[in-house]
Amino acid sequence: MTLCAPVVINGITCVCRRSEVISLRDDPSGESLESWIIRLRREFHKYPELSFKEYETQKRILKILGELGIEGRKIADTGVLASIRGTKPGPCIALRTDTDGLQVQEEPAERNREYISRTEGVMHACGHDGHMAMLFGAARMFMENREFPGEVRLIFQPAEEIPPGGSERVIAEGGLEDVDAIIGMHIFTNHESGSVGFRPGPFMASTNRFEVILKGKGGHISLPAKCIDPVRMAVYFINSLNSALEERLDKEKYVLGVGRIQGGAQFNRTPDNVGILGSYRTFDSETTDIIDATIKECLEKIKQEYLKHGEEFSGLPDYELDILHGYPVLVNDPFFTEAVNLKLHESFPELTVYPEIEKTFAAEDFASYLQVVPGIFISLGTRNQKKGIVEINHSCAFDIDEEILLKGSEIFHTLSLDFLKHPEKYLSLQKYHGPQEYIEKT
């Protein structure tokens, strides 16, 4: 093994051990690539941080990149952007991982004793620790052999868990500049460990939030004629909204729910206001528009239904409405997705692939990247009944079957390398103009 001279990379003095990068996978005297990936995952799992507060995570990412001899830079406050360039001109493919944890207190178990979260009330309950480790695994593979055309862009993105998400910041700050395609991967327990799933076109839903303040007239509960009861208005609104949507839309097109109803302070007083906070998810903008309009129609009907005459009721009842459209629908590029499907079957014949997996009402801000460049978002299964890994994402008992992590890295590496060598297989004619464009870019 040959050590490089100490160098400062990403503000850290590093001694690069390039010959170990992948050869350690089969080296009994050293740490295997798989063990290294698992160790990284556990380190990230122990120290989760909330969205846009991933400062220590950012430092850890920059340190690991430096140890691999990869220069990185900060982006979107707490994210990191890095590039690995091959020896020839060619296209650029981005690989993205998310970095934030959730406000969840992790449940202790026999399995997670070594790596349970050390941060009170915060947990990597959605697989982001595994995503980071898999991306580092792919980076090591590329650093071992730089004989490839083009560039691999590594995006360690903060704040996936809170709309509008960190992806918009990454895009606004140039994270996709000169990128030709992008791949993302997410660990889920909705299919068996080590299998992968995806679908062309709409795959994951948009996420939308609505907040309503219903304004009535408060007073003593014994005098209902002198009051306009916003609690009754809230019940009427929720029931009428659900009934109206059931008449207008097929159930498979949307989900809508109320997460909070808040109002009142005393058992014998009608409150003045009641607040309602809810969300809905759809797979297309037309359905979103219908739900937006239906919410407003139901609120206007409430004003008429609870209207009372008299000077003391002037301007009442009334409402305030705030609708926030969060992540857009995640749409996998059909041409790119078909190429991925073929390559996975060719390179991983043992792999279970679901090329038409069901759409999910889960949402992901990776959708914003796919609005800019073609690519795919892949679901990597981690459900393992024998190991007791069955809890859904965001559960306080969520965990990962760590045997899938090396496979995730290999998928990242294999698909990216194939794209760099054969972009015409992945890009439609409208998006691919031949090798000359990549030569000119460099």
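Residues numbered from 1 in each chain as written. Predicted model: local features only at pLDDT ≥ 70, side-chain atom pairs only at ≥ 80, totals over all residues. Heavy atoms only, no water.

As annotated in an unreviewed UniProt entry, the protein carries the name Carboxypeptidase and is attributed to Methanosarcina mazei.

Draft legend 1. Up close: helix H3 (residues 128-144). For H3, which comprises 17 residues, the first-to-last C-alpha distance of 25 Å matches the rise-based estimate of 24 Å (1.5 Å per residue) to within 8%. Among the 17 residues that make up H3, 16 are buried, leaving the element largely enclosed by the rest of the structure. (Helix = DSSP H or I, 4+ residues; strand = E, 2+ residues; numbered from the N terminus. Expected span 1.5 Å × (residues − 1). Buried < 20%, exposed > 50% of the residue type's maximum accessible area, 1.4 Å probe, protein only.)

Draft legend 2. Region of the structure containing the sheet that holds strand E15 (residues 318-325). With antiparallel pairing, four strands are arranged side by side in an open sheet as E12-E14-E10-E15. Two strands in the sheet have a free side with no partner beyond their single neighbour: strand E12 (254-262) and E15. Across this sheet, the average inter-strand angle for adjacent strands is 15°, counted without regard to direction. Pairing between strand E10 (residues 206-215) and E15: eight bridges, direction antiparallel. What sits directly across from Lys215, in E15, is Asp318. Contacts from helix H6 (residues 285-305) reach E10, E12, strand E14 (273-282) and E15, with the element oriented near 170° to E15. (Pairing = 2+ DSSP bridges. Axes fitted to C-alpha atoms, helices over the stretch in contact; angles between N-to-C directions. Contact = heavy atoms within 4.5 Å.)

Draft legend 3. Expanded view of the domain arrangement of the protein. Splitting the protein by domain gives domain 1 (33-203 + 330-440) and domain 2 (206-326). The C-alpha centroid of domain 2 is placed 39 Å from the C-alpha centroid of domain 1. In total, about 690 Å² of surface goes out of reach between domain 1 and domain 2, with carbon and sulfur atoms giving 77% of it. The largest share of the area that domain 1 buries against domain 2 comes from Pro163, Phe361 and Ala363, three residues that together contribute 71% of it. Taken together, the connections running from domain 1 to domain 2 amount to zero salt bridges. For the interface between domain 1 and domain 2, the tally reads one residue pair in polar contact (both at pLDDT 80 or more). When its residues are assigned to classes, the side of domain 1 that touches domain 2 shows six nonpolar, one polar and one charged. (Domains from an automatic or database assignment. Buried area = accessible area lost by both parts, 1.4 Å probe. Salt bridge = Lys/Arg side-chain N within 4 Å of Asp/Glu carboxyl O. Polar contact = N/O pair within 3.5 Å; in protein donor to acceptor, adjacent residues only side chain to side chain. Nonpolar A, V, L, I, M, F, W, Y, C, P; charged D, E, K, R; others polar.)

Draft legend 4. Expanded view of the UniProt feature "binding site: Mn(2+)" (unreviewed entry) in the protein. Per the UniProt entry, the sites bearing "binding site: Mn(2+)" (unreviewed entry) are Cys126, His128, Glu161, His186 and His394 in this numbering. Spanning 269 residues, the named residues nonetheless gather at one spot, since no C-alpha pair among them exceeds 13.1 Å. Position of His186 among the secondary structure elements: in strand E7 (residues 181-192). Exposure remark for His186: the relative accessible area of 3% places this residue in the buried category. Once residues within four sequence positions are removed from consideration, His186 is found in contact with Asp98, Cys126, His128, His131, Glu364, Phe377, Ile378, Ser379, Leu380 and Asn393. Here His394 is to be found in the loop between strand E18 (375-383) and helix H9 (404-421). Under the relative-accessibility criterion, His394 is labelled partly exposed at 40%. The residues contacting His394, other than those within four sequence positions of it, are Leu102, Val104, Ala125, Cys126 and Glu161. (UniProt positions renumbered as here; feature names shortened; annotations may be inferred.)

Draft legend 5. Highlighting the packing of helix H1 (residues 33-46) against helix H2 (residues 55-67). Following both chains from N to C, one finds H1 and H2 inclined at 160°, their axes separated by 11 Å at the closest point. Considered as vectors, H1 and H2 are oriented roughly antiparallel to each other. In the packing of H1 onto H2, the handedness of the crossing is right-handed. Contacts between H1 and H2 involve Trp36, Leu40, Glu43 and Phe44 from the former and Thr57, Arg60, Ile61 and Ile64 from the latter. (Parallel < 35°, antiparallel > 145°, perpendicular 65-115°, else oblique. Left-handed = near helix turned anticlockwise from the far one by under 90°.)

Draft legend 6. Structural detail: the UniProt feature "domain: Peptidase M20 dimerisation" (unreviewed entry) in the protein. UniProt's entry tags residues 210-306 with the feature "domain: Peptidase M20 dimerisation" (unreviewed entry), counted in the numbering of this structure. Helix makes up 41% of residues 210-306 and strand 30%. Its end C-alpha atoms lie 22 Å apart.

Draft legend 7. Structural view of the pattern of salt bridges. Under the criterion given, the structure shown has 35 salt bridges. We note a salt bridge from Glu151 to Arg85, for which the minimum N-O separation is 3.7 Å. Separated by 66 residues along the polypeptide, Glu151 in strand E6 (residues 149-157) and Arg85 in strand E4 (residues 79-85) bring together distant segments of the chain. Residue classification places Glu151 among the buried residues on the basis of a relative accessible area of 10%. One salt bridge in this structure joins Glu173 and Arg169, with 3.0 Å as the shortest N-O distance. Classification of Arg169 as partly exposed rests on a relative accessible area of 30%. Through salt bridges with shared partners, one network takes in Arg41, Arg42, Arg111, Glu114, Asp129, Asp399 and Glu402.

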